[in-house]
Amino acid sequence: MDNREYSVIGAGLGLRRSFMQTIADKPPACVDFYEVAPENWITLGGKMGKQFRALTERLPFICHGLSLSIGSADPLDEVFIREIKDFLRTHQIKLYSEHLSYCSHKGHLYDLLPIPFTSEAVEYVAGRIRRVQDILEQRIAIENVSYYAVPSHELSEIEFFNAVVEQADCDVLLDLNNIYVNSINHSYDPEAFLKAISGERIACAHVAGHYVESEDFLVDTHGAAIVDPVWTLLGQAYELFGTFPTLLERDFNLPAMNELLSEVQTIKKIQNDYQSSRRAIRHG
């Protein structure tokens, strides 16, 4: 996979309005790209809207959606999808990803809820993803999500995820923290899960922190520092699939910018270590 063409490269950071001015004044050298949730920026106007447009003209961006609700029984919001399409084109953004979950049922639920792991759900969700791709006229990436209960369990998590992306013929947004959180909460081997991922479909990856409720129950919060087992999984993913663009997610409890950038630099170090080892093998 090292020769695959990606829409962005290197290590990225989720852009938050609280530090947008800092990025605009002096973009950190260690950040290769930024990610935004389009729902938070589509309607943005005024000074901040102009500032955001100036950033997307200067720097690479990707999008990670929050409210497509791909697994919902509600009809797809095709008006919204076309707004996403316009947003992507306006800002020259080539990668759009979403969660393999749902967040609406006759109204917004304000949470990402798990889809039943069944063959029927595979066909249903894959069809909706194909429709989204048809409207956008581009492939999207679907993220493996954290979950705490499953309504129905005909398939394992990895069987369900792989079946959806295969039938939808979409890309994968690989979330390493979600794998680790689920592996603790549902007692499975995270490395085995990782090895079963359709690596050739990976378009990007996320790393994030979580909250430890107890030794056997973790909550995916994106509000804490990344733990060593997640960094280890990231390194294992590169060993399995080659390096791919990887983004630091931090949604709340934001630390000082230097702490965020330190974690971005850790991503880059793991990427560089892998690439150095590959060069050593080739020239050994």
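Residues numbered from 1 in each chain as written. Predicted model: local features only at pLDDT ≥ 70, side-chain atom pairs only at ≥ 80, totals over all residues. Heavy atoms only, no water.

What follows is about helix α6 (residues 176-185). The element α6 is largely enclosed, with a buried count of 9 among its 10 residues. Residues of α6 that are buried: Leu-176, Asn-177, Asn-178, Ile-179, Tyr-180, Val-181, Asn-182, Ser-183 and Asn-185. Capping of α6 at its N-terminal end is provided by Asp-175; its side-chain oxygen lies 3.0 Å from the backbone amide nitrogen of Asn-177. (Buried < 20%, exposed > 50% of the residue type's maximum accessible area, 1.4 Å probe, protein only. Helix = DSSP H or I, 4+ residues; strand = E, 2+ residues; numbered from the N terminus. Polar contact = N/O pair within 3.5 Å; in protein donor to acceptor, adjacent residues only side chain to side chain.)

Before going further, it helps to spend a moment on unusual backbone geometry. Of note, the phi angle at Ser-69 is positive, near 55°, even though the residue is not glycine. With respect to the helices and strands, the residue Ser-69 is situated in the loop between β3 (61-64) and α3 (78-90). Residue classification places Ser-69 among the buried positions, given a relative accessible area of 4%. In this structure, Asp-169 is a non-glycine residue whose phi angle is positive, near 55°. Judged by relative accessible area, Asp-169 falls into the partly exposed class, the value being 40%.

In this section: the packing of aromatic side chains. Throughout the structure, instances matching the rule amount to 9 aromatic pairs. Between Phe-117 and Tyr-147, the ring centres sit 5.3 Å apart and the planes meet at 85°, which makes this aromatic pair edge-to-face. Highlighted residues: Phe-117 in the loop between β6 (108-113) and α4 (119-136) and Tyr-147 in the loop between β7 (141-143) and α5 (157-168), separated in sequence by 30 residues. The residues Phe-117 and Tyr-147 share a single accessibility class, namely buried. (Phe/Tyr/Trp six-rings, centres within 6.5 Å; stacked < 30°, edge-to-face > 60°.)

Quick look at the pattern of salt bridges now. Evaluation of the coordinates by the stated rule reveals 14 salt bridges. With a shortest N-O distance of 3.6 Å, Glu-78 and Arg-82 are connected by a salt bridge. With a gap of 4 residues between them, Glu-78 and Arg-82 both fall in helix α3, about one helical turn apart. Using a relative accessible area of 26% as the deciding quantity, one classes Glu-78 as partly exposed. With relative accessibility at 42%, the residue Arg-82 sits in the partly exposed group. (Salt bridge = Lys/Arg side-chain N within 4 Å of Asp/Glu carboxyl O.)

Turning our attention to the sheet that holds strand β4 (residues 96-99). With parallel pairing, 8 strands are arranged side by side around a closed barrel as β1-β2-β3-β4-β7-β8-β9-β12. On average, adjacent strands in this sheet sit at an angle of 30° to one another, irrespective of strand direction. In the sheet, strand β9 (residues 202-207) pairs with strand β12 (residues 246-248) via 3 bridges, with the strands oriented parallel. Residue pairing in the sheet places His-206 in a bridge with Leu-247 of β12. (Pairing = 2+ DSSP bridges. Axes fitted to C-alpha atoms, helices over the stretch in contact; angles between N-to-C directions.)

Turning next to the packing of α4 against α5. Two quantities define a packed helix pair, namely the angle between the helix axes and the distance between the axes. Put simply, α4 and α5 touch, their axes get as near as 8 Å, and they point 40° apart. Between α4 and α5, the angle is such that the two are oblique. As α4 packs across α5, the resulting crossing turns out to be right-handed. Touching Ala-121, Val-122, Glu-123, Val-125, Ala-126, Ile-129, Arg-130 and Gln-133 of α4 are Phe-160, Ala-163, Val-164, Gln-167 and Ala-168, all from α5. (Parallel < 35°, antiparallel > 145°, perpendicular 65-115°, else oblique. Left-handed = near helix turned anticlockwise from the far one by under 90°. Contact = heavy atoms within 4.5 Å.)

In this section: the confidence of the model for the protein chain. Across the protein chain, the average pLDDT comes to 92, with 94% of residues at or above 70. Between residues 104-110, whose pLDDT stays under 50, and residues either more than four places distant or in other chains, the model counts 13 contacts. (pLDDT = per-residue confidence, 0-100.)

Here the structure, examined in full by the defined rule, presents 0 disulfides. Just so you know, Cys-204 is unpaired, no disulfide at all, and the nearest cysteine sulfur is the one on Cys-63, 12 Å from it. On the accessibility criterion, Cys-204 (0% relative accessible area) is buried. (Disulfide = S-S within 2.5 Å.)

It is worth spelling out the side chain of Arg-16 at this point. Within the secondary structure layout, Arg-16 lies in the loop between β1 (11-14) and α1 (20-25). The residues contacting Arg-16, other than those within four sequence positions of it, are Glu-35, Arg-250, Asp-251 and Leu-254.

In this fold, Gln-21 is placed in helix α1. Gln-21 sits in the partly exposed class, given a relative accessible area of 39%.

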